[in-house]
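# Descriptive analysis of the structure
The chain contents come next:
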Amino acid sequence: MRFGIIGAGSIGSNISKKLVKNGHDVKISDARGIERLEGKDFAGTPVLVEDVMRNIEVLIISLPMHALPSIRNIIDQVGEEVIIVDTSNYYPYRDGEIEEIENGMVESDWVTYQLGRPIIKAFNNLLAYTLENEGTSEGTSGRIAIAIAGDDLSQKQVIMEVVNELGFDAVDTGSISDSWRQQPGTPAYCTELTKDELTKALKKANKEKAPLLRDKVMERFAQIFAENKNIEFSHNDIVNLNREIYNS
């Protein structure tokens, strides 16, 4: 398949490497300029952001939420047949407070409005380390699952097949308006669950509590760091803290 990726951060770069390894054609860009790709660890062909959407089947957007409105002019040029995948998550400390989301709008509904196009929500409920290192063959016991939401069933099925190919089970979480169940602060978010476990976690999600629990995790990490500035959080430390708080 032919993929375009906007964003060469940890998630976008890891996706690019896995896609190329599996024989896909990948172009990758940075919304701030192609020079921003220098020194980044990615795979595929670096291109101008204006060129990333040309002759592709899937466009993966892996940017902080606050940056999404700035690429609307690029998205307006993307062919209607192209599947648009968003990997973003809302963190007020990084993105600034977005009024609509603070007032209860689902993150992905806000993204859809900003981009002016339907999206598939995927790759947002796992850590970059997990994406890079924890993929396994289909049928492997304990295989980690990724949550996928979207309104177009055929597009969602394509992305679920891609997720499977990259080493993870896929769980259909429903419509874009249901995607809050995989947002930060929910039991499904960055807790490394199997397909059955993820399915149960999605059902346990509490929309009102999620922002509070999201912020509680960030506060806990800040507290630990303040008490020991030399501490290094391992991948397991992060997963375990997420599991502890998001299931509370």
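Calculation notes
Residues numbered from 1 in each chain as written. Predicted model: local features only at pLDDT ≥ 70, side-chain atom pairs only at ≥ 80, totals over all residues. Heavy atoms only, no water. Helix = DSSP H or I, 4+ residues; strand = E, 2+ residues; numbered from the N terminus. Rg over C-alpha atoms; globule rule 2.2 N^0.38 Å. Buried < 20%, exposed > 50% of the residue type's maximum accessible area, 1.4 Å probe, protein only. Contact = heavy atoms within 4.5 Å. Lys, Arg positive; Asp, Glu negative; His and termini not counted. Charge placed at Lys NZ, Arg CZ, Asp CG, Glu CD. Polar contact = N/O pair within 3.5 Å; in protein donor to acceptor, adjacent residues only side chain to side chain. Phe/Tyr/Trp six-rings, centres within 6.5 Å; stacked < 30°, edge-to-face > 60°. Pairing = 2+ DSSP bridges. Axes fitted to C-alpha atoms, helices over the stretch in contact; angles between N-to-C directions. Expected span 1.5 Å × (residues − 1). Core = buried A, V, L, I, M, F, W, Y, C linked by side-chain atoms within 4.5 Å. Right-handed = clockwise from strand over helix to strand, strands pointing away.

### Considering the overall build of the protein
Counting its secondary structure elements, the protein contains 10 helices and eight strands. For 248 residues, the compact-globule formula gives about 18 Å, and the C-alpha radius of gyration of the protein, at 17 Å, lands near that figure. Overall, the protein is about 45 × 40 × 40 Å in size when its C-alpha atoms are taken along their principal axes. Taking all 248 residues of the protein together, 51% fall into the buried category. If you take every contact in the protein between residues at least 6 apart in sequence, the share linking residues at least 24 apart comes to 69%. Treating the 27 positive side-chain charges of the protein as one cloud and the 39 negative ones as another, the clouds have centres 3 Å apart.

### Looking at the side chain of K156
Mapped onto the secondary structure, K156 falls in helix α7 (residues 153-165). Residue K156 is classed as buried on the basis of its relative accessible area of 3%. Looking at K156, its side chain comes within polar contact range of the main-chain oxygen of G174, at 3.0 Å. With near-sequence residues (within four places) excluded, K156 lies in contact with I120, I148, A149, G150, D172 and G174.

### Thoughts on the packing of aromatic side chains
One pass over the structure, following the stated rule, counts three aromatic pairs. Both rings, one in Y91 and one in Y93, keep their centres 5.8 Å apart while their planes meet at 65°; by these two values the pair is edge-to-face. For Y91, a relative accessible area of 11% gives the class buried. We classify Y93 as exposed; its relative accessible area is 61%.

### What about the sheet that holds strand β8 (residues 169-174)?
In spatial order, the strands read β3-β2-β1-β4-β5-β6-β7-β8; together these eight strands make up an open sheet with mixed pairing. Across the chains shown, the open sheet's two edge strands, defined by having one partner strand only, are β3 (45-46) and β8. Packed on one face of the sheet, α7 meets β1 (2-6), β4 (58-61), β5 (83-86), β6 (120-121), β7 (145-150) and β8 and runs near 150° to β8.

### A word on helix α1 (residues 10-21)
With 12 residues, α1 extends 17 Å between its outermost C-alpha atoms, agreeing within 8% with the 16 Å of an ideal straight helix rising 1.5 Å per residue. Listed as buried for α1 are I11, G12, S13, N14, I15, S16, K18 and L19. Against β1, β2 (25-29), β4, α6 (128-133) and α7 lie the buried residues of α1. Phi for G23, located one or two positions after α1, is positive at around 90°.

### Comments concerning the pairing of β5
Of the two faces of β5, both are covered, the one formed by I83 and V85 as well as the one formed by I84 and D86. Sheet analysis places β4 next to β5, joined by four bridges and oriented parallel. Residue pairing across strands places L59 opposite I84, the latter belonging to β5. With two bridges connecting them, β5 and β6 associate as parallel partners. Looking at the pairing, V85 lines up with I120 of β6.

### Details of the nonpolar core
Formed by 30 residues in total, the largest nonpolar core has its most connected members in L19, V85, F123, I148 and I159. Every element with two or more residues in this core is listed here: β1, α1, β2, β4, β5, α6, β7 and α7. Considering every element that reaches this core, the biggest residue donor is α7, with four residues. The next biggest cluster of nonpolar side chains, apart from the first, holds 26 residues, and it includes M53, I61, V78 and W110.

### Comments concerning the pairing of β1
In terms of burial, β1 is largely enclosed, as four of its five residues are buried. As for the winding sense of the linkage, the β-α-β connection from β1 through α1 to β2 is right-handed. As paired elements, β1 and β4 share four bridges and run parallel to each other. Paired with G4 across the strands is L59, a residue of β4.

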